[in-house]
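Residue-level structure breakdown
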Amino acid sequence: MSVDKANPVLHVKSLTKCYGRSRIPAVTDLDFTVDKGEIFGFLGPNGAGKTTTISIMATLMKPTRGSVSICGVDIVKNPLRARKLISLVPQEIALYQELTGRENLHYFGTMYGLKGAALERKIAMALEFFDLGGVADHPVAHCSGGIKRRFNIACGILHDPVLVFLDEPTVGMDIHARNALLDQIQNLSARGSTILYTTHYMEEAEKICSRVLIMDKGVHLASGPPSELIEQSESCRNLGDLFLNLTGKHLAN
Ligand code: ATP
């Protein structure tokens, strides 16, 4: 998938969020764009302001100042239109455990307004894309953690959102399941989805992200393609080193 820089899918401008009466903003004057087809790594240590920013971008919370537009749609002025363009796939498994994977896909597809042959087609495509055909009729409760995570994402993208927020999708997975999921996320982007990707695993971000943004204490510290950021720094061998240099913090692996 080639990246279209002329028309960013996501445009975040001077975004600022203050909670309640707190004098210290959780996010301060954040500016960035995400282009179509990118896997954009949104990185920062605990408390950096990632969840706050994602909650605003996903229309779950209003900004104090600044703006966010998705495909030109202002998310504060037109939250309903914006919501149709996005999917927020949470870190926690948001599936009905007693239902099968196929039944979950059916349920979430219906929630997104899909029905009939179109819904069945989307479910068949999602099962094939995430290689879930063999477990589609097992109750989710009996599936492995890796399979649950794949169903979690499959349910979130059934309606072909333009922009997908993936919040630490590989957390707690073993290396094989993790690599398989990373391949599928790259395939999703190759198919045209734009992905804002949050992870604490820097080697993952280095491997799959076209660009990353590193923030801490609510402010932007650096952004760009991982290879360029590493090259520009004097002593960093990888993104983990750069992250440590910028934030002073190690992330758990
Ligand atoms: P993590 O990786 O731990 O999820 P994060 O980067 O997502 O961290 P946020 O959860 O956005 O960070 O938090 C940013 C700052 O805002 C923190 O100082 C946090 O304590 C504060 N904060 C978050 N939610 C609230 C809230 N509901 N009310 C007040 N302060 C909050």
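Notes on the structure in this doc start here. Note on numbering: residues in each chain are counted from 1, in written sequence order. Selection of residues for local features in this predicted model requires a pLDDT of at least 70, selection of side-chain atom pairs for listing and counting requires 80 or more, and totals for whole chains, interfaces and linings are taken over all residues. Side-chain measures here rest on the full set of heavy atoms in the structure, leaving out hydrogens and waters.

1. Some points on the packing of aromatic side chains
Aromatic ring pairs are defined here through the distance separating the ring centres and the angle between the ring planes. Classification of ring pairs rests on two measures: the distance between centres of Phe, Tyr or Trp rings, Trp counted by its six-membered ring, which must be within 6.5 Å, and the angle between planes, read as stacked under 30 degrees, edge-to-face over 60 and tilted in between. Per the stated rule, a full pass over the model turns up six aromatic pairs. For the ring pair tyrosine 107 and phenylalanine 108, a centre distance of 5.2 Å and an interplane angle of 85° mean the geometry is edge-to-face. The interplanar angle of 80° and the centroid separation of 5.0 Å between the aromatic rings of phenylalanine 129 and phenylalanine 130 together place this pair among those described as edge-to-face. Think of it in three bands: residues with accessible area under 20% of the maximum for their type are buried, residues over 50% are exposed, and the middle band is partly exposed, with areas taken using a 1.4 Å probe on protein chains only. For phenylalanine 130, a relative accessible area of 0% translates into the label buried. Three or more aromatic residues joined by ring pairs form one cluster here, namely Phe32, Phe40 and Phe42. Our definition puts a charge over a ring when NZ of Lys or CZ of Arg is within 6 Å of the ring centre and also within 35 degrees of the ring normal. A cation sits over an aromatic face here: lysine 17 above tyrosine 19, 5.7 Å from the ring centre. Against the face of phenylalanine 129 rests arginine 191, its NZ or CZ located 4.6 Å from the ring centre.

2. A closer look at the site of the ligand
Near, as used in this document, describes a residue that has one of its heavy atoms within 4 Å of the molecule or strand being considered. Close contacts around the ligand come from Tyr19, Ala26, Pro45, Asn46, Gly47, Ala48, Gly49, Lys50, Thr51, Thr52 and His200, and that covers them all. A 3.5 Å cut-off defines polar contacts: any pair of N or O atoms within that distance qualifies, except that in protein one atom must be a possible hydrogen donor and the other a possible acceptor, and neighbouring residues in sequence count only when both atoms are side-chain atoms. Residue asparagine 46 places a side-chain N or O atom 2.8 Å away from an oxygen atom belonging to the ligand. The contact in question runs from an oxygen atom of the ligand to an N or O atom on the side chain of threonine 52, over 2.6 Å. Per-residue and other accessible areas follow the Shrake-Rupley method at a 1.4 Å probe size, with only the shown protein chains counted as cover for residues. Relative to its unbound accessible area of 630 Å², the ligand is 53% covered by the protein chains.

3. With respect to the pairing of strand S10 (residues 219-224)
Bridging between strand S9 (residues 211-216) and S10 involves five bridges; their strand directions are antiparallel. Residue leucine 213 lies in a different strand from S10, and its bridge partner there is serine 223. Pairs of strands are assigned from DSSP output, requiring at least two bridges between the strands. Each helix corresponds to a stretch of at least 4 residues labelled H or I by DSSP, and each strand to a stretch of at least 2 residues labelled E; elements are numbered beginning at the N terminus.

4. Side note on the sheet that holds strand S6 (residues 86-89)
The pairing of strands in a sheet comes from backbone hydrogen bonds and takes either a parallel or an antiparallel form. What the six strands build is an open sheet, ordered S6-S7-S8-S3-S9-S10; its pairing is mixed. Two strands in the sheet have a free side with no partner beyond their single neighbour: S6 and S10. Recorded for the sheet is a direction-independent mean angle of 15° between the axes of neighbouring strands. As judged from the four bridges shared by S6 and strand S7 (residues 163-167), these two strands associate in the parallel manner. In the strand pairing of S7, serine 87 is matched with valine 164. Residue contacts are defined here by distance: any two heavy atoms, one from each residue, within 4.5 Å place the two residues in contact. Angles shown run from 0 to 180 degrees and are taken between the N-to-C directions of axes, each axis being a line fitted to C-alpha atoms and, for helices, limited to the stretch in contact. This element, helix H9 (residues 239-247), spans strand S3 (39-43), S9 and S10 of the sheet and lies at about 30° to S9.

5. A look at the state of the cysteines
In plain terms, two cysteine sulfur atoms within 2.5 Å form what is called a disulfide here. Summed over all chains, the structure comprises zero disulfides. Take cysteine 155: it sits in no disulfide, and the sulfur closest to it among the cysteines is that of cysteine 143, at 11 Å. A disulfide-free cysteine, cysteine 236 has its sulfur positioned 17 Å from the sulfur of cysteine 209, the nearest such atom. Assessed through its relative accessible area of 10%, cysteine 236 is described here as buried.

6. Structural notes on the environment of isoleucine 93
Relative to the helices and strands, isoleucine 93 is located in the loop between S6 and helix H3 (101-111). With a relative accessible area of 27%, isoleucine 93 lands in the partly exposed category. Note: C-alpha distance between isoleucine 93 and phenylalanine 151 (58 residues apart in sequence) is 8.8 Å. Not counting residues up to four positions away in its chain, the partners in contact with isoleucine 93 are Lys148, Arg149 and Asn152.

7. Notes on the pattern of salt bridges
For this document, the term salt bridge refers to a Lys or Arg side-chain nitrogen within 4 Å of an Asp or Glu carboxyl oxygen. Under the defined criterion, the tally for this structure stands at eight salt bridges. For arginine 178, the salt bridge identified is with glutamate 204, shortest N-O distance 3.0 Å. Linking arginine 178 in helix H6 (residues 175-190) with glutamate 204 in helix H7 (residues 202-208), this pair joins segments that are 26 residues apart in sequence. Like glutamate 204, arginine 178 is buried. Salt bridges sharing partners connect three or more residues here, namely Asp35, Glu38 and Arg211.

8. Focus on the pairing of strand S8 (residues 194-198)
Across a regular strand the side chains alternate sides, sitting on one face of the sheet and then on the other. Among the five residues of S8, five are classified as buried, and the element is accordingly described as predominantly covered. Both faces of S8 are covered, namely the face carrying Thr194, Leu196 and Thr198 and the face carrying Ile195 and Tyr197. Strand direction decides the pairing type here: S3 and S8, joined by three bridges, are parallel. Pairing of isoleucine 39 across the sheet is with isoleucine 195, part of S8. In the sheet, S7 pairs with S8 via five bridges, with the strands oriented parallel. Each bridged residue has a counterpart across the sheet, and for valine 164 the counterpart in S8 is isoleucine 195.

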